[in-house]
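Here is how the chains run, residue by residue.
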Amino acid sequence: MTRHFLRDDQLSPAEQAEILDLAVELKRDRFAQRPLAGPQTVAVVFDKSSTRTRVSFAVGIADLGGSPLIISRESSQLGGKETASDTARVLERQVAAIVWRTYAQAGLEEMAAGTTVPVVNALSDSFHPCQLLADLLTIREHRGALAGLTVAFLGDGASNMAQSYLLAGATAGMNVRIGAPLEYEPDPAVVEDAAQIARETGGSVAVLADPVAAVGGADIVVTDTWVSMGREEEKAERVRALGAYKVTPELMTGAADGALFLHCLPADRGYEVDAAVIDGPQSVIWDEAENRLHAQKALLVWLLSQQ
């Protein structure tokens, strides 16, 4: 059966750890694995603009011996004259895998249901699972074992990053806290899914309205932009509602000594995070950005090995 990666909990704890182990190996030797030699082609489809996702997948596919085919919504029929499932049936006869950065999670589900090659969620409105693999790799590099660590995500708790942290963090056995106002809480179904995983891995999940309580004693503090693509008209309201959740040097003092700061970028400096934090000694954002490359290569190697 074809394996896809559409949301973080599609990997078991053992599978997640296996991919992270492989990412470490590929970071040490970028060309150790060449499953796409030929070269085989991987379709990388963008409905949203991108820097890190575009570069890391294009470079990573080439590192694995393959050829990245970058497709924009404007240059294809996907989402216009053609359904996701029909597009998938066309692509599967010519490519080894499909990577899609899009809006609705439902489109990814439809594409995966209609194809025999792996489909990878490179970002949707609901989840950002490739970013979480990179974040977990970064945390592991700086803190060792993931299980038992406490991570606090501050800001829009309904965002794709917050919801992926719930699922991926619980899978890794971490204690995940989401600090968000009531109107920006994560989907209750995602919280329950994460809680169920945490009961099996020894982790925990919590949604807190108090940002100070969320950060208290945390080993890792994370935030993301308050204004995602397609929601620019909501900026004024989001700044008002989320202002108390800005990551400042003062807020970071409540975290554990030496706590790490992560942000998937791009950052809106002065809004969700102060420059003193993002450029400070606790920030590991550049390692995090590089690790998109190694984590996604490991994911592709692993998915292709499951065929």
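Structural notes, computed from the coordinates. (Residues numbered from 1 in each chain as written. Predicted model: local features only at pLDDT ≥ 70, side-chain atom pairs only at ≥ 80, totals over all residues. Heavy atoms only, no water.)

### Things to note about the packing of helix α5 (residues 129-143) against helix α12 (residues 285-305)
To characterise two packed helices, one gives the angle between the axes of the helices and the distance between these axes.
Piece 1. The N-to-C vectors of α5 and α12 enclose an angle of 115°; their axes lie 8 Å apart at closest approach. Viewed along their axes, α5 and α12 adopt a mutual orientation that is roughly perpendicular. Crossing of α5 over α12 shows right-handed handedness. Between α5, through Cys130, Gln131, Leu133, Ala134, Asp135, Leu137, Thr138, Glu141 and His142, and α12, the contact on the second element is made entirely by Asp287, Glu288, Asn291, Arg292, His294, Ala295, Gln296 and Leu299. (Axes fitted to C-alpha atoms, helices over the stretch in contact; angles between N-to-C directions. Helix = DSSP H or I, 4+ residues; strand = E, 2+ residues; numbered from the N terminus. Parallel < 35°, antiparallel > 145°, perpendicular 65-115°, else oblique. Left-handed = near helix turned anticlockwise from the far one by under 90°. Contact = heavy atoms within 4.5 Å.)

### Digging into the sheet that holds strand β2 (residues 67-72)
Piece 1. Sheet architecture is open: 4 strands sit in the order β2-β1-β3-β4, paired in parallel fashion. Each end of this open sheet is capped by a strand with a single partner; those strands are β2 and β4 (119-123). Here the average twist between neighbouring strands, direction ignored, is 20°.
Piece 2. As paired elements, strand β3 (residues 97-101) and β4 share 4 bridges and run parallel to each other. Each residue of the ladder has a partner; that of Arg101, found in β4, is Leu123.
Piece 3. Here helix α4 (residues 105-113) sits on the sheet in contact with β3 and β4, set at roughly 165° to β4. (Pairing = 2+ DSSP bridges.)

### Describing the sheet that holds strand β6 (residues 175-179)
Piece 1. The sheet built from 5 strands is open, its strands ordered β7-β6-β5-β8-β9 with parallel pairing. Looking at the sheet topology across the chains shown, the edges are occupied by β7 (204-208) and β9 (260-263). For this sheet, the mean inter-axis angle between neighbouring strands, taken without regard to orientation, is 20°.
Piece 2. Against the sheet, α5 touches β8 (220-223) and β9, its axis set at about 165° to β9.

### Quick look at the packing of aromatic side chains
Piece 1. In the structure shown here, the tally under the stated rule is 1 aromatic pair.
Piece 2. Measuring from centroid to centroid gives 6.4 Å for Phe153 and Tyr165, while their planes differ by 40°, and the two rings are tilted. In this pair, Phe153 is assigned in strand β5 (residues 150-154) and Tyr165 in helix α6 (residues 160-171), connecting sequence segments 12 residues apart. Summarising the burial analysis for this pair, Phe153 and Tyr165 share the class buried.
Piece 3. The ring of Phe46 has Arg54 sitting right over it, with the charged end atom 4.3 Å from the ring centre. (Phe/Tyr/Trp six-rings, centres within 6.5 Å; stacked < 30°, edge-to-face > 60°. Buried < 20%, exposed > 50% of the residue type's maximum accessible area, 1.4 Å probe, protein only. Lys NZ or Arg CZ within 6 Å of the ring centre and 35° of its normal.)

### What about the state of the cysteines?
Piece 1. In this structure the tally under the stated criterion is 0 disulfides.
Piece 2. Here Cys130 stays unpaired: no disulfide links it, and the sulfur of Cys264, its closest cysteine neighbor, is 12 Å away.
Piece 3. Relative accessible area serves as the criterion here: at 1%, Cys130 is assigned to the buried category. (Disulfide = S-S within 2.5 Å.)

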